[in-house]
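# Structural overview for review
Now for the letters of each chain:
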Amino acid sequence: MLIRRHRSSDPRPSEITPREVYQRRRDFLRTGVALGAGLFLPASAVADSSLDYSPGPFSTDEALTPYEDVTTYNNFYELGTGKSDPSRNAHLLRTEPWTVKVDGLCANAGEYDLEDFLKPWELEERVYRLRCVEGWSMVIPWIGFELNRVLKQAEPLGSARYVAFETVMDPDNLPGQRRPVLEWPYVEGLRLDEAMHPLTILAVGLYGEELPNQNGAPLRLVVPWKYGFKSIKSIVRISFTEDEPPTSWNRSQPNEYGFYSNVNPDVAHPRWSQRTERRIGEFRRRRTERFNGYGEEVASLYAGMDLTRHF
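Residues numbered from 1 in each chain as written. Predicted model: local features only at pLDDT ≥ 70, side-chain atom pairs only at ≥ 80, totals over all residues. Heavy atoms only, no water.

## What to know about the pattern of salt bridges
Here is the rule: Note on definitions: salt bridges are taken to be side-chain nitrogens of Lys or Arg within 4 Å of carboxyl oxygens of Asp or Glu. Any residue under 20% of the maximum accessible area for its type is buried, any over 50% is exposed, and the rest in between are partly exposed; the area is computed with a 1.4 Å probe on protein chains only.
For the coordinates displayed, the defined rule picks out 21 salt bridges. For the salt bridge of arginine 191 with aspartate 193, the shortest nitrogen-to-oxygen distance reads 2.8 Å. Of the residues examined, aspartate 193 reaches a relative accessible area of 32% and is grouped as partly exposed. Each of Glu62, Arg129, Arg131, Glu277, Arg279, Glu282 and Arg286 takes part in a single network of salt bridges with overlapping partners.

Right, here's the structure in full:
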């Protein structure tokens, strides 16, 4: 189960994460940026980068990964291929101004300034597991809202079966996009029912603060039952399509990265097993859970499918 009662033996958040980071949560509702009320201000315009949010459903009570690790151990190839490159080059990602386009097979297409795109939605905290295809994992307290709210507002047509996503393209500033590591811009996709699932969120923050650039500011996808590369960062476009959209890693190495990319210990990556994972901050490896532990919520999406073929 994802929502569990707190036990007296469970570690307290202040014992898991840096105390000064978690302690600030007490002040967020009092001093935060009131996104839920319809205001989004850039970090330069406020005294801090804290957000106004409320607890949300589906959260795990597992030990959180320390903020320092969450923000310095990343894959974000636009900022470099090394794990420390994104945090070192984070200043190169320009997040102001920012627009998000919603288009394709929908009745209400449009292009929005970020503040207008976010204005209708109240923010929630979702504490999710993150599992990387490379075999490491984290537990992260995201701040965001369910993607289905945006999709319903766009009113997808009956012919829409998939949702495609595209990240920012800015090779003048992003060093990774000047190298042919992938075909740029980075693109991803979900089946429409996956995108509509309440576990799927758009995140604008973590640990109660605005999303750091290295973690995909100002807007990223989080799909917790899939490998981390499906959770596309720095989104500028959301499109409804009839056909399965291309995805960056599947386009680059289709024998290694499928469209669905559900966490599955029974489907090995061609170069390593997926049966175990290393939680960042721990020494011993732990058993990988099917659908990253979210099977009770999402397994029905794949009823009748052979997930060794549709990997």
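Next comes the rest of the account.
## As for the side chain of glutamate 146
Counted only if it meets this: For helices the rule is a DSSP run of H or I covering at least 4 residues; for strands it is a run of E covering at least 2, with both sets numbered from the N terminus onward. What qualifies as a polar contact is a pair of N or O atoms within 3.5 Å, subject to a donor-acceptor requirement within protein and to the restriction that residues adjacent in sequence count only when both atoms come from side chains. In this description, contact between two residues means that some pair of their heavy atoms is separated by no more than 4.5 Å.
Checked against the element boundaries, glutamate 146 lands in strand S5 (residues 136-146). Separated by 2.9 Å, the side chains of glutamate 146 and asparagine 148 make a polar contact. Residue contacts for glutamate 146: discarding those within four places in its chain leaves Phe58, Arg126, Pro198, Thr200 and Ile201.

## Overview of the nonpolar core
As a reminder of what qualifies: Residues enter a nonpolar core if they are buried and are Ala, Val, Leu, Ile, Met, Phe, Trp, Tyr or Cys, with the set joined through side-chain atoms within 4.5 Å.
With 78 residues, the main nonpolar core has Phe117, Leu202 and Ile238 as its most contacted residues. Ranked by residue count, the leading element in this core is S5, at 7 residues. Among residues more than four places away in sequence, those in contact with leucine 202 are Phe117, Ile143, Gly144, Phe145, Leu147, Val150, Leu219, Arg220, Leu221, Ile235 and Ile238.

## What to know about helix H7 (residues 147-154)
Here is the rule: This arc describes the spread of directions from the helix axis toward the C-beta atoms.
Taken together, the buried positions of H7 are occupied by Leu147, Asn148, Val150, Leu151 and Ala154. Summarising the axial view, the buried residues of H7 lie within an arc of 160°, below the 170-degree limit, and thus occupy one face. Directly beyond the C-terminal end of H7, a positive phi value near 55° is found at glutamate 155.

## Regarding the sheet that holds strand S7 (residues 187-191)
Applied cut-off: Note: two strands are recorded as paired if DSSP finds a minimum of 2 bridges between them. In this analysis, axes come from line fits to C-alpha atoms, helices being fitted only over the stretch in contact, and the angle between any two N-to-C directions falls in the range 0 to 180 degrees.
Strand order in the open sheet formed by 5 strands is S3-S2-S11-S6-S7, and the pairing between neighbours is mixed. Either end of the sheet is taken by a strand with one partner, and the two such strands are strand S3 (110-113) and S7. With direction set aside, neighbouring strand axes in the sheet form an average angle of 15°. Where strand S2 (residues 99-104) and strand S11 (residues 235-241) come together, 4 bridges link them in parallel fashion. Bridge assignment links glycine 104 to a residue of S11, and that residue is phenylalanine 240.

## As for the pairing of S3
Alignment of S2 against S3, held across 4 bridges, turns out to be antiparallel. Residue valine 102 lies in a different strand from S3, and its bridge partner there is glycine 110. In this antiparallel pair of consecutive strands, S2 and S3, the connection spans 5 residues.

## Observations concerning the side chain of serine 261
Looking at the secondary structure, you find serine 261 in the loop between helix H9 (248-252) and strand S12 (276-279). For serine 261, a relative accessible area of 4% corresponds to the buried category. A polar side-chain atom of serine 261 sits 2.7 Å from the main-chain carbonyl oxygen of glycine 258. Apart from the residues within four sequence positions on either side, serine 261 is in contact with Lys226, Tyr227, Phe229, Lys230 and Phe311.

## What to know about the packing of aromatic side chains
The criterion, for reference: Aromatic pairs are defined between Phe, Tyr and Trp rings, using the six-membered ring for Trp, whenever the two ring centres lie within 6.5 Å; interplanar angles under 30 degrees are classed as stacked, those over 60 as edge-to-face, and all others as tilted. Two limits define a charge over a ring: the Lys NZ or Arg CZ must be within 6 Å of the ring centre, and within 35 degrees of the ring normal.
This model, assessed by the stated rule, comprises 12 aromatic pairs. Relative to tyrosine 207, the ring of tyrosine 67 lies with its centre 5.5 Å away and its plane at 80°, an arrangement referred to as edge-to-face. Here tyrosine 207 lies in the loop between strand S8 (201-206) and strand S9 (209-210) and tyrosine 67 lies in helix H4 (residues 67-72), a separation of 140 residues in the sequence. Ring centres of tyrosine 128 and tyrosine 294 lie 5.9 Å apart, and the angle between their planes is 80°; on these two criteria the pair is classed as edge-to-face. With tyrosine 128 in strand S4 (residues 124-131) and tyrosine 294 in the loop between strand S13 (286-287) and helix H10 (295-298), this pair connects stretches of sequence that are 166 residues apart. Counting every residue linked through ring pairs, the aromatic cluster contains Tyr162, Phe259, Tyr260, Phe291 and Tyr302. One residue, arginine 129, lies across the ring of tyrosine 294, its end atom 4.8 Å from the ring centre.

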